[in-house]
Amino acid sequence: MGDVLAGIHATWEFESDALVIRFERGNRSTPKLFSALRERRVPHEALASVTLTPGKRGTVVLHAVPRPGADPLMEAAAGQLKEVCDPYRLVLPADRETLAEYYRDELRALLPADATDPRDPTDPVDPAGAEDAAAVWPADGFLVAAPAGPLSFKTYDGRASFDGMSEVAFRWSWTGASSEKWKAGDQTFSVRDLSGVEWRSPEVLDGYLRLVPRDGGPRPAQPDRDPASVVFGLGYGPVHESLPFAAAVLAAIRGKDRVPAAVTAGAPDSARRDPGAVADRIRHLGDLHRAGLVTDEEFSAKKAELLAEL
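In what follows, the accompanying structure is described. (Residues numbered from 1 in each chain as written. Predicted model: local features only at pLDDT ≥ 70, side-chain atom pairs only at ≥ 80, totals over all residues. Heavy atoms only, no water.)

This part takes up unusual backbone geometry. A cis amide bond links G149 to the next residue, P150, at an omega of 0 degrees. Following the sequence through the fold, P150 ends up in the loop between α3 (97-110) and β8 (151-155). At R57, a position not held by glycine, the phi torsion is positive, near 50 degrees. Examined against the element boundaries, R57 turns out to sit in the loop between β5 (47-54) and β6 (59-66). (Helix = DSSP H or I, 4+ residues; strand = E, 2+ residues; numbered from the N terminus.)

The 3 strands are arranged β12-β13-β14 in an open sheet whose pairing can be described as antiparallel. This sheet does not close on itself; its edge strands, each paired only once, are β12 (194-200) and β14 (229-231). Averaged over neighbouring strand pairs, the angle between their axes works out to 10 degrees when direction is ignored. Where strand β13 (residues 208-213) lies against β14, 3 bridges are found, and the strand directions are antiparallel. Within the sheet, the bridge partner assigned to L209 lies in β14 and is V230. (Pairing = 2+ DSSP bridges. Axes fitted to C-alpha atoms, helices over the stretch in contact; angles between N-to-C directions.)

This part covers the sheet that holds β6. The antiparallel open sheet is built from 3 strands, whose spatial order is β5-β6-β7. Strand pairing shows two members of the sheet lacking a second neighbour, β5 and β7 (89-93), which therefore form its edges. Pairs of neighbouring strands in the sheet enclose a mean axial angle of 15 degrees, with direction left out of account.

The next thing to look at is the layout of surface pockets. Looking at the second largest pocket, its volume works out to about 400 Å³. If you trace the second largest pocket, you find 17 residues lining it, with K56, T59, V84, R89 and V91 closest to the centre. For the lining of the second largest pocket, the elements supplying multiple residues, two or more each, are β5, β6 and β7. When residues in the lining of the second largest pocket are grouped by element, the largest group, 3 residues, is from β7. (1 Å grid on protein atoms, 1.4 Å probe; cavity = no way out; pocket = protein on both sides within 12 Å on 5 of 7 lines; lining within 4 Å. Points joined across faces, edges and corners; volume = space filled by probe spheres on them.)

Let us now look at α3. In this model, α3 (14 residues) spans 20 Å end to end at C-alpha, consistent with the 20 Å of a helix rising 1.5 Å per residue. Among the residues of α3, those classed as buried are A100, Y103, R104 and L107. In a view along the axis of α3, the buried residues occupy a sector of 110 degrees, so they form one face of it. Of the residues in α3, the exposed ones pointing more than 90 degrees away from the buried face are T98 and A109. Tucked into the core, α3 has its buried residues touching β1 (4-6), β2 (10-14), β3 (18-23), β5, β6 and β7. (Expected span 1.5 Å × (residues − 1). Buried < 20%, exposed > 50% of the residue type's maximum accessible area, 1.4 Å probe, protein only. Arc of directions from axis to C-beta. Contact = heavy atoms within 4.5 Å.)

A full pass over the atoms with the stated rule returns 12 salt bridges. A salt bridge links D17 to R41; the nearest nitrogen and oxygen atoms lie 2.8 Å apart. Remark: R41 occurs in strand β4 (residues 39-43) and D17 occurs in the loop between β2 and β3; sequence separation between them is 24 residues. A salt bridge links R40 to D71, with the nearest nitrogen and oxygen atoms 2.4 Å apart. One end of the pair, R40, is in strand β4; the other, D71, is in the loop between β6 and α2 (72-77), and 31 residues separate them in sequence. Each member of the pair, R40 as well as D71, carries the same accessibility label: buried. Connected via shared salt-bridge partners are E13, R22 and E39. (Salt bridge = Lys/Arg side-chain N within 4 Å of Asp/Glu carboxyl O.)

Structural data, given as C-alpha cells:
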C-alpha cells in the first residue's frame, strides 16, 4: 500500500507486509509511553483484526487489534494500560471517517488467514462480537520487536537495569529497600534462569516489577520483601519506563526459551559472575555487617556463597 495516515499523536504507514506506527514526540499532550516507544513495526501476521469506532469529542478511532502473544509490550501490560495509552489506537477527526473506513478495509484484506479463530463455522456466534472473533487466536511467539536495550529506571527501593540481552540487575537504595533486600544484597539475574516477568502498573496501589525464577521455588508473598522484585511508588517506575523494561526482559526470556538445546548445551555456566561484580557485592555485604544489619553468621555464609560463584 505504501500510504500514510496521520492521526492525533501517531501516524500509520501501510507497508506491503507490515503496519508501521510512528509516534509523535515533543508534544506535552502526547502520552509519555508513545514518546518512549517512538516507532513500532507490526507485521500483518501479528494482527487479529482492525476496527473503527466513534471516539470522544468529534473523533473516530482505528484500532489494530494484536493477536494474543504477538507483542511483548501488550503481554507485559496484561490489560493494565489505559485506553489513551494503547499504542494500537489511531485517533482521527470525525470528518475523516470515510478515509478511515477505507484503510480499515484495506488492512483487513491483508491479514493472514491463520490469525483467525478456526472454529466450526456452524457454531453459534454472538452477533455483537462477530467482527472481533478473530482476536481470540494466539500467535505461536512474539512477532513484534520489544523495546531495545540497555534499559534502566529508578524505583522506590532501588534501580533496575537490563543489558538488553542476558542480565537483569537490581541495586537497592538505602532509603527505600526493606531489610530483607538489604540482607540479600544487590541482585543480578541471568535471563536463562527466569521464566517470566510480572508487571503491576505504577498507576495503581502497590505497583511492582517482579521476576519469576525458572526453578519455581517459594517466594515472599510481598514484593517489597522479595529480592527478585522492585516496587514502585509515587514518582517511581512510571509506565513509560517500567513497561518497556518489562517487555524487553520478557522478550529476552522467551527468546532464550526458543533456542534449541543443542545450541545451549555448550554455553558457559550462567552462575559464573564477573569477579569485579562479586567483589563489589562482598564490599557491600561488609558495609551491612558493620552497620549491624546482618549477623556474623549471615555475613560469613553469604560471603562464602559469593566466593563460590567465582
